Amino acid sequence: MAYDKAKIMGEAKAAIIKNKLFFIDDIIAYLPIAKSTFYDWKMEQSDELKRLLEINRTELKVGLRSKWYKSNAPALQMALMKLICSD
């Protein structure tokens, strides 16, 4: 069966946004193509897909650091301090 690469790319972008995906393999699970097709088409090299995944990762990191900052748990506050302090 022949697939429309542009349509699959659109589905990949939509899956990343809708499901807050972080990894390339996660994208493949939401697509109607084989993993080999995904890589044959070199979709893993797409700057747009990489950018969307990075946005999701960044939003998660910022959210977690914010929760750690507001937390009263000493272990979380120490972990945050280790992340933000300088030598």
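Before reading further, recall that the structure is shown in the block above.
Calculation criteria
Residues numbered from 1 in each chain as written. Predicted model: local features only at pLDDT ≥ 70, side-chain atom pairs only at ≥ 80, totals over all residues. Heavy atoms only, no water. Axes fitted to C-alpha atoms, helices over the stretch in contact; angles between N-to-C directions. Helix = DSSP H or I, 4+ residues; strand = E, 2+ residues; numbered from the N terminus. Parallel < 35°, antiparallel > 145°, perpendicular 65-115°, else oblique. Left-handed = near helix turned anticlockwise from the far one by under 90°. Contact = heavy atoms within 4.5 Å. Nonpolar A, V, L, I, M, F, W, Y, C, P; charged D, E, K, R; others polar. Buried < 20%, exposed > 50% of the residue type's maximum accessible area, 1.4 Å probe, protein only.

Undergrad: Honestly, the packing of helix α4 (residues 47-70) against helix α5 (residues 74-84) in this entry has me stumped. Any pointers?
TA: Between α4 and α5, the least distance of the axes is 8 Å, while the angle of their chain directions is 125°. In terms of orientation, α4 and α5 fall into the oblique class. Handedness of the α4/α5 crossing: left-handed. Two secondary-structure elements touch here, α4 through Arg 65, Trp 68 and Tyr 69 and α5 through Leu 76, Gln 77, Ala 79, Leu 80 and Leu 83. For the contact of α4 with α5, the class distribution of residues is 6 nonpolar, 1 polar and 1 charged.

Undergrad: Help me out: how do you make sense of the environment of Ile 55 in this one?
TA: Note that Ile 55 resides in helix α4. Classification of Ile 55 by relative accessible area gives partly exposed; the value is 34%. When the C-alpha atoms of Ile 55 and Leu 83 are compared, they prove to be 20 Å apart, with 28 residues separating the residues in sequence.

In short, geometric facts, not functional conclusions.
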